[in-house]
Amino acid sequence: MSEPTPVRMKPAGVEPIKVMEECAECMLCQGVCPAFGKVEGYAGPMIFVRMAREGFDERDPIDRLLEAAQAKVLDCVSCFRCEETCPHEIPIRSMAIAALRGTGPTRIYPGAVAPPPPPETWHAPERAQPPRTFWERLTGSAGSPAQWELGMWAWQLHRVTGWLLAIYLFVHLWAVGTARAGEEEFNRLMAYFTHPVFLVGDLLLLGIFVFHALNGVRLILVDSPWRMNTKVLFWVSVAAAVVAMVASAPVFLAAAKGVGG
Ligand code: SF4
Ligand code: SF4
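Overview of the structure.

How each quantity is defined
Residues numbered from 1 in each chain as written. Chains lettered and ligands numbered in written order. Predicted model: local features only at pLDDT ≥ 70, side-chain atom pairs only at ≥ 80, totals over all residues. Heavy atoms only, no water. Near = heavy atom within 4 Å. 1 Å grid on protein atoms, 1.4 Å probe; cavity = no way out; pocket = protein on both sides within 12 Å on 5 of 7 lines; lining within 4 Å. Sits in = over half its atoms within 2 Å of the grid points. Helix = DSSP H or I, 4+ residues; strand = E, 2+ residues; numbered from the N terminus. Nonpolar A, V, L, I, M, F, W, Y, C, P; charged D, E, K, R; others polar. Points joined across faces, edges and corners; volume = space filled by probe spheres on them. Salt bridge = Lys/Arg side-chain N within 4 Å of Asp/Glu carboxyl O. Buried < 20%, exposed > 50% of the residue type's maximum accessible area, 1.4 Å probe, protein only. Patch = residues over 30% accessible without salt bridge, like charges linked within 9 Å, V, L, I, M, F, W, Y side chains within 5 Å. Areas by Shrake-Rupley, 256 points an atom, 1.4 Å probe, with all protein chains shown as cover.

### Some points on the site of ligand 1
Move 1: Taken together, the neighbourhood of ligand 1 is formed by 13 residues, with C33, C76, C79, F80 and C82 sitting nearest.
Move 2: The cavity that encloses ligand 1 is the largest cavity.
Move 3: Elements represented by at least two residues in the shell around ligand 1 include exactly α5 (81-85) and α6 (92-100).
Move 4: Along the lines of polarity and charge, the residues of the shell around ligand 1 split into ten nonpolar, one polar and two charged.

Structure, rendered in structure tokens:
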């Protein structure tokens, strides 16, 4: 039997492997991940770093994309908490997880061999997670807001603004639906909505919409082939929302005065 031909790796191909090998397996990222322990079968950021390390190696025969899919990599909520916590500053979300999702600037080499079946649970029994508090269940986070980093704030704001927009949509549909009760009923309701309190609400809604839309684009760009600075993009979303509200405020104020006068 002939010896397999050694594969000579290009220096550029070695770099991402070296980055992943910085992992000290301290498990800090697992501890702060809101999906780990909540989503059944979710492997967690540290395991994804290990998978990516193997997948960046073109000699790796295992299909790491399939392995990551089995380990629920798509359930990562892109909160970046793992990345912000890692003492070795490993780009867990922006490089390892992005690559395992088949996106991002760094490539996982396709392996021909099917991965072994995933374990029943990725939790080591002796390191079982403590029960989550009500607040942690509600927010899907680990820890209190005082411990949240920017990525977690961005993720929570995205959730809350998403819920507010969904609620608004139902209120809007209900309000439009009152037109079926006749013109008088519809006009009576519309007059109610021109109260200054609702106009301020409309202004806030504009900011919420702009932030949610731009933050959604930010989350798409995270998985783009270009390495984006997610923190800067988050602040751009916030700034755009504030600018939209400030620029529109005179219009809403004029409307409120018109109603008041
Ligand atoms: S980005 Fe958030 S959800 Fe995804 S692995 Fe990291 S901590 Fe977990
Ligand atoms: S926090 Fe960083 S060093 Fe620690 S296990 Fe996670 S990836 Fe590895």
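### As for the site of ligand 2
Move 1: Residues in contact with ligand 2, as listed here, are C23, A24, E25, C26, M27, C29, M46, C86, P87, H88, I90 and I92.
Move 2: In this structure, ligand 2 is accommodated by the second largest cavity.
Move 3: In terms of residue class, the shell around ligand 2 is built from ten nonpolar, one polar and one charged.

### Details of the layout of surface pockets
Move 1: A volume near 440 Å³ is recorded for the largest pocket.
Move 2: Around the largest pocket, the lining comprises 15 residues; the ones closest to its centre are Y168, V171, F198, D202 and L205.
Move 3: Elements with a minimum of two residues in the lining of the largest pocket: α8 (150-177), α9 (183-193) and α10 (196-222).
Move 4: Among the elements that make up the lining of the largest pocket, the one with the highest residue count is α8 (seven residues).
Move 5: Residues of the lining of the largest pocket, tallied by class, amount to twelve nonpolar, two polar and one charged.
Move 6: Split into classes, the residues belonging to the lining of the second largest pocket amount to seven nonpolar, four polar and six charged.

### Thoughts on the pattern of salt bridges
Move 1: With the rule as written, the count across this model stands at eight salt bridges.
Move 2: When the shortest N-O distance is used, the salt bridge between D60 and R64 registers 2.7 Å.
Move 3: When the shortest N-O distance is used, the salt bridge between R64 and E67 registers 2.7 Å. One end of the pair is R64 and the other is E67, both in helix α4 (residues 64-70) and three residues apart, which spans about a single turn. The burial state of R64 is the same as that of E67; both residues are buried.
Move 4: Ionic contacts of the salt-bridge type, sharing partners, join the residues E21, R53, D57 and R59 into one network.

### Section: a nonpolar patch on the surface
Move 1: The grouping of V160, W163, L164, I167, V171 and W174 at the surface amounts to a nonpolar patch, some 630 Å² of accessible area in total.
Move 2: Among the structural elements, W163 can be located in helix α8.
Move 3: Looking at W163, the relative accessible area reads 60%, which means it is exposed.

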